Amino acid sequence: MNSFTYTRATGVEAAVREKAADEGVKFIAGGTNLLDLMKENVERPSRLLDLNHLPLKSIEAAPDGGLRLGALATNAETAWDEQVKQRYPLLNQAILAGASPQLRNMATNGGNLFQRTRCYYFYDLATPCNKREPGSGCSAIGGYNRIHAILGTSESCIATHPSDMCIGLAALNATVQVTGPNGERTVKFEDFHRLPEDKPELDTTLAPDEIVTAIDLPNEDFSQHFSYLKLRDRQSYAFALVSVAAALQLDGNTIKEARLALGGVAHKPWRDQQVEAMLQGQPATEDTFRRAAAAMVATAQGYGHNTFKIELAKRAIVRALKQAAEGTQQASDIFTNSNP
Ligand SMILES: Cc1cc2nc3c(=O)[nH]c(=O)nc-3n(C[C@H](O)[C@H](O)[C@H](O)COP(=O)(O)OP(=O)(O)OC[C@H]3O[C@@H](n4cnc5c(N)ncnc54)[C@H](O)[C@@H]3O)c2cc1C
Ligand code: SF4
C-alpha cells in the first residue's frame, strides 16, 4: 500500500472543492471496498477524505412522499429501517443478500453504488486489464471468465457490476441525489452506472469530484409482490452469478405493472423497460414469465466459461417472477443473517 494522508470532510461543498483541487484525493465512507483495493495497490490515493462526519446519515421522507436514504446511512441501518421493511421490502432483501452482517454494518449506501468489479484480473496487477490500466487489454476475454458478463459487453471489458443493493434500487426506479462543483442534480438510477464500451475504466457517469448525498425511492407500492433471487456458489458471503429483482403490481391475476432487473450479468444493473412493458396487461402465468425471460436475454453472449449464465438467468427470471406473483418471499439471508 502507498503512503497517504487522512483528513475529514467538514461539509459537502467543501469536500467537492477539495476533491476538485487535487486528483490524488479519494473520498472514503465505510472503507470496505476502497481499503481492499488500496491493499492490492489497485487504488493509490495520496489523501483520503473521510465523509463520515457529514450529516448524510438520515432516512426520511422524500419530497414526493417516497423515502430518502442518506448516502452515509449504513447498509444495515437501511435494510432494517421500519419504512424500508414495510414499504420497500425488495430493497431490504437485496441488501441482506449481500456481503455479511459485519460488512453491512460498515458499508454505506453511497459507497455501495461505487463498489468496483470483482473481476479477478482487475485485482491482479500481473495481468492486463483495461479497467485498471486503460489500453493494456482484457485478460478475461479468452481467459477464465466464469463470473463475467453476458449482456452489454464490449471488446474492451466483460466485467460485471457486483452490487446486490443496486439491483433492487434499479427495479424500484430509484434516483440519486448528487452534489458537484456546479451544484446539486438528480440522476436516474438507470443513468448512474455505465456499460464498458471503449472506456471500461469509468464505472459511473459521475465526475470524480461529485458526491452522492442521498438515494430517493419513489412513492410507489411494490410491497406485496416482489422477489430478490440471488444465485451464487454458496448460500452466503458470495457475489451473485445471477440475481433477479422482480416486482409486480397485480389486478387479480393480471399484471398492471412489472419491474425486472438483473445482477451478475452486465457492467451495470440490467433493466429492460421493453420487457417490463411486454408484461403489462398479461396474465401472471409461467408462460408469460418464460416469454419475458427469453426476451430479457435475447441479446446475451457467452464467452465460454460463463455461457451457462444465459440459461441460468432465464430460469432465475421465471422463478423470481413466480415468487413475486405468488407473494412468497424466498428463504434468504433475511433468516440466516438476521441482525441489526
Ligand atoms: C468480503 C466482501 C464481500 C462482499 N460481498 C458483497 C455482496 O455479496 N454483495 C454486495 O452488494 N456487496 C458486497 N460487498 C461489497 C460491499 O457492499 C461494498 O464494499 C460496500 O457497499 C462499499 O461501501 P463503503 O461505504 O464501504 O465504500 P468505500 O469503500 O468507503 O468507498 C467505495 C467507493 O465509493 C466512493 N464513495 C463512497 N461514498 C461516496 C459518496 N457518498 N459519494 C461519492 N463517492 C463515494 C469512494 O471514494 C470509493 O471509491 C462485499 C465486500 C467485501 C469486502
Ligand atoms: S473484464 Fe474488465 S475488469 Fe476484467 S480483465 Fe477485462 S478489462 Fe479488466
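Residues numbered from 1 in each chain as written. Chains lettered and ligands numbered in written order. Predicted model: local features only at pLDDT ≥ 70, side-chain atom pairs only at ≥ 80, totals over all residues. Heavy atoms only, no water.

S.K.: Would you take a moment to explain the sheet that holds strand 1 (residues 5-8) for this structure?
M.R.: Sheet strands pair by backbone hydrogen bonding; their relative direction is either parallel or antiparallel. Ordered in space as 1-3-2, the three strands form an open sheet in which the pairing is parallel. In the strand order of this sheet, the two ends are held by strand 1 and strand 2 (25-28), each with one partner. The average undirected angle you get between the axes of adjacent strands in this sheet is 25 degrees. Both strand 2 and strand 3 (residues 47-50) contribute to a ladder of four bridges, which runs parallel. In the sheet register, Val25 faces strand 3, and the bridge partner there is Arg47. Where helix 1 (residues 12-21) meets the sheet, its contacts fall on strand 1, strand 2 and strand 3, and the angle it forms with strand 2 comes to roughly 145 degrees. (Pairing = 2+ DSSP bridges. Helix = DSSP H or I, 4+ residues; strand = E, 2+ residues; numbered from the N terminus. Axes fitted to C-alpha atoms, helices over the stretch in contact; angles between N-to-C directions. Contact = heavy atoms within 4.5 Å.)

S.K.: Just checking my understanding: could you explain unusual backbone geometry for this structure?
M.R.: When glycine is set aside, most residues are seen to have a negative phi, and most peptide bonds are trans. Despite not being glycine, Glu197 shows a phi value in the positive range, around 40 degrees. Examined against the element boundaries, Glu197 turns out to sit in the loop between helix 10 (189-192) and strand 8 (211-217). The backbone phi angle of Tyr237 is positive, close to 65 degrees, even though this residue is not glycine. Counting through the fold element by element, Tyr237 comes out in the loop between strand 9 (225-231) and strand 10 (242-251).

S.K.: Where do I start with the layout of surface pockets in this structure?
M.R.: Leftover empty space is mapped by rolling, across the atoms, a probe with the size of a water molecule. When its volume is computed, the second largest pocket comes out at roughly 280 Å³. Arg118, Ile147, Phe239, Ala240 and Leu241 are, among the 20 residues lining the second largest pocket, the residues nearest its centre. Within the lining of the second largest pocket, the residues separate by chemical class into nine nonpolar, seven polar and four charged. (1 Å grid on protein atoms, 1.4 Å probe; cavity = no way out; pocket = protein on both sides within 12 Å on 5 of 7 lines; lining within 4 Å. Points joined across faces, edges and corners; volume = space filled by probe spheres on them. Nonpolar A, V, L, I, M, F, W, Y, C, P; charged D, E, K, R; others polar.)

S.K.: Help me understand the environment of Lys57 in this model?
M.R.: With respect to the element layout, Lys57 can be found in the loop between strand 3 and strand 4 (59-61). Sequence-wise, Lys57 and Arg146 are 89 residues apart; in three dimensions their C-alpha atoms are separated by 37 Å. Residues in contact with Lys57, not counting those within four places in the same chain, are Asn52, Leu72 and Ala73.

S.K.: Is there a simple way to explain the site of ligand 1 in this structure?
M.R.: The environment of ligand 1 is made up of 34 residues, and the closest members are Phe27, Gly31, Thr32, Thr108 and Asp164. Gly30 places a main-chain nitrogen or oxygen 2.9 Å from an oxygen atom of ligand 1. Interatomic distance of 2.8 Å between a backbone N/O atom of Leu34 and an oxygen atom of ligand 1. Calculation on ligand 1 without its partners gives an accessible area of 980 Å², and the protein chains cover 92% of this total. Of all the elements in the fold, those that place two or more residues in the shell around ligand 1 are strand 2, helix 2 (34-39), helix 7 (109-114) and strand 8. The element contributing the most residues to the shell around ligand 1 is helix 7, with four residues. Among the residues making up the shell around ligand 1, the classes are represented as 16 nonpolar, twelve polar and six charged. (Near = heavy atom within 4 Å. Polar contact = N/O pair within 3.5 Å; in protein donor to acceptor, adjacent residues only side chain to side chain. Areas by Shrake-Rupley, 256 points an atom, 1.4 Å probe, with all protein chains shown as cover.)

S.K.: Help me out: how do you make sense of the side chain of Thr78 in this one?
M.R.: Within the element layout of this structure, Thr78 appears in helix 3 (residues 75-79). At 2.8 Å, the side chain of Thr78 and the side chain of Asn109 are in polar contact. Those residues in contact with Thr78 that lie beyond four places of it in its chain are Ile59, Leu69, Ala73, Val84, Leu91, Ile95 and Asn109.

S.K.: Quick question: what am I supposed to make of the site of ligand 2 here?
M.R.: Around ligand 2 lies a shell of 14 residues, among which Cys119, Cys129, Cys138, Cys157 and Ile158 are the nearest. The residue makeup of the shell around ligand 2, split by class, is nine nonpolar, four polar and one charged.

S.K.: Would you take a moment to explain the side chain of Ser163 for this structure?
M.R.: With respect to the element layout, Ser163 can be found in the loop between helix 8 (120-123) and helix 9 (165-171). We classify Ser163 as buried; its relative accessible area is 2%. One polar contact links Ser163 to Asn112, side chain to side chain, over a distance of 2.6 Å. With sequence-adjacent residues up to four places away left out, Ser163 is seen in contact with Asn112 and Gln115. (Buried < 20%, exposed > 50% of the residue type's maximum accessible area, 1.4 Å probe, protein only.)

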